[in-house]
Amino acid sequence: LPRWQMNGHKRPLAVWTSATAQWTLKQKKPAELYRIPVSRPPILSGTSLLGKGALSTTSISPKEVMLTSERYGVQRLPFSHVSDSDLTFFEHLIPGRVITDPDELRPFNVDWLQSVRGCSKMLLRPRTAAEVSEILRYCNKRKLAVNPQGGNTGLVGGSVPVFDEIIISTALMNQVISFNSVSGILVCQAGCILENLNQYLEELDFIMPLDLGAKGSCHIGGNVATNAGGLRLLRYGSLRGTVLGLEVVLADGSILNCLASLRKDNTGYDLKQLFIGSEGTLGIITAVSILCPRKPKSVNLVFLGSPFYILIETSGSNSAHDEEKLNNFLEHVMASGLVTDGTVATEDKKIKMLWSLRERITEALTHDGCVYKYDLSLPVERLYDLVIDTRARLGKTAKNVVGYGHLGDGNLHLNITAESYSHSLLNAIEPFVYEWTAQYNGSISAEHGLGFKKKHYIQYSKPQEAVLLMQQVKAMLDPKGILNPYKTLPASS
Ligand SMILES: O=C(O)CC[C@@H](O)C(=O)O
Ligand SMILES: [Zn+2]
């Protein structure tokens, strides 16, 4: 018999507040008030990913990750090399915020998955858009390549340098600029950590419109730059809808202030959309204006099982009404035999516990060995077929082939594990997975971006004309190609 655990415990209603909290750069620092541990713990013991808001302590990896340039055989483009006079310039511009110590630099050169590694010799920690502007103006003149970096939680190798690009960290740009509790519009700097922003908003009876497993480390600027999807997309829509404005520093150092806080604005091209999802290749996002929903007064989470497990969260304003609707749904799916078991949670602690089962799958997979990740948009009815076909194709050459994701969004996370990295396994997976996806007009990157690892496969999801136009836009905005090179787009032929 199904074991329904209908939890009767009700949480108190959130306290209404009409106060408009105005934060300025000179006021309290929310990111400091809400400093919390990172959600994604280190993969290898001894490798620290702590302290993205502050510099990590020295960490020694027991097994050094192979250099990206060696593993993938990439040639360095003819950018300048950082010289002593460059160092003097940056130390004068942002004293005490130029990192050159190799031990301190190590975690910023390696991605969270420990799958790609660059060899940057310099990390800069600006606090303001004006400082980012000075940095880029100088780098552009000197033809020094840069790698913008937020929380370094990306999964496609987009957030770490490929060679010796200068890392520009957003970590110290962590101030809330303003929040309007009538409109729900938050304006903040790019380096605010997603979870800190959510906690800040919850106290004001609002929430962030996005939520990710990496929330404890990822920065809102990085979320926007990669157009991160996550766990609330089905409910609140993508960042392409909720982001109302951006402040961006362009390759030549000019500051594009499109930080509008308007729900409607039809004056010309919507330039902010160019930077959403551009992965730091067109400009560095320094501030974000984002529309935040009210904190729901009633939340229900159901964890259901048949051949698959599924988590469904409902959020609304009337718990009696919400529970009645949910119970009708549950009776229906149970009676039809679609669902054989499950549990319902309304209590905060249990909701968090159930969500952590879902949020920590990525981390769990890293314990199974080397992980090959695919993030695909497919027609929902085809979603799992790819897992079955991949399993059949790879046979024993893979350890595990698993599929999970965001069913409501038609987004499959296909993950293949093996004892160690091998070119031959990679060649058995790619382009098979991309061809499979393209035959159903899917997308080869639903929400993770193309970064370094997927840039050569863009043509499986975009026509040649679109790729060409993207390359032209890139050449116009960044003629010297200094912004996050080797990422997102294949080199123009
Ligand atoms: O690790 C993955 O493949 C997916 C990561 C993330 O997008 C998730 O939905 O948990
Ligand atoms: Zn996901």
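Residues numbered from 1 in each chain as written. Chains lettered and ligands numbered in written order. Predicted model: local features only at pLDDT ≥ 70, side-chain atom pairs only at ≥ 80, totals over all residues. Heavy atoms only, no water.

(A) Region of interest: the overall build of the protein. Helices and strands together make up the secondary structure of the protein, namely 17 helices and 15 strands. In the protein, buried positions account for 53% of the 493 residues. The contacts of the protein with a sequence gap of at least 6 include a subset with a gap of at least 24, amounting to 71%. Summing over all exposed atoms, the protein offers an accessible surface of approximately 22,700 Å²; the carbon and sulfur share of this is 56%. (Helix = DSSP H or I, 4+ residues; strand = E, 2+ residues; numbered from the N terminus. Buried < 20%, exposed > 50% of the residue type's maximum accessible area, 1.4 Å probe, protein only. Contact = heavy atoms within 4.5 Å. Areas by Shrake-Rupley, 256 points an atom, 1.4 Å probe, with all protein chains shown as cover.)

(B) Expanded view of helix α11 (residues 319-335). Along its 17 residues, α11 runs 24 Å from first to last C-alpha, staying within 8% of the 24 Å computed at 1.5 Å per residue. Considered for burial, the residues of α11 that qualify are Asp 322, Leu 326, Leu 330 and Val 333. On an axial view of α11, the arc spanned by its buried residues comes to 65 degrees, and they lie on one face. What points out from α11, more than 90 degrees from its buried face, is the exposed set Ala 320, Glu 324, Lys 325, Glu 331, His 332 and Ala 335. Residues of α11 that are buried in the fold lie against β10 (298-305), β11 (309-316) and β12 (341-345). Two or three places before Ala 320, at the opening of α11, Asn 318 has a side-chain oxygen 3.2 Å from that residue's backbone nitrogen. Gly 337 occupies a position one or two residues after α11 and carries a positive phi of about 85 degrees. (Expected span 1.5 Å × (residues − 1). Arc of directions from axis to C-beta. Polar contact = N/O pair within 3.5 Å; in protein donor to acceptor, adjacent residues only side chain to side chain.)

(C) Representation of the confidence of the model for the protein in the model. Looking at the protein as a whole, the pLDDT averages 89, with 87% of positions reaching at least 70. Predicted confidence is poor over residues 1-38, with pLDDT under 50, and the contacts of this stretch with residues over four places away or in other chains come to 84 contacts. Predicted confidence for residues 41-60 stays below pLDDT 50, and this span has 55 contacts to residues more than four positions away or in other chains. (pLDDT = per-residue confidence, 0-100.)

(D) Structural detail: the sheet that holds β10. The antiparallel open sheet is built from three strands, whose spatial order is β11-β10-β12. The strands lining the two open edges of the sheet, one partner per strand, are β11 and β12. Adjacent strand axes in the sheet meet at a mean angle of 15 degrees when their direction is disregarded. (Pairing = 2+ DSSP bridges. Axes fitted to C-alpha atoms, helices over the stretch in contact; angles between N-to-C directions.)

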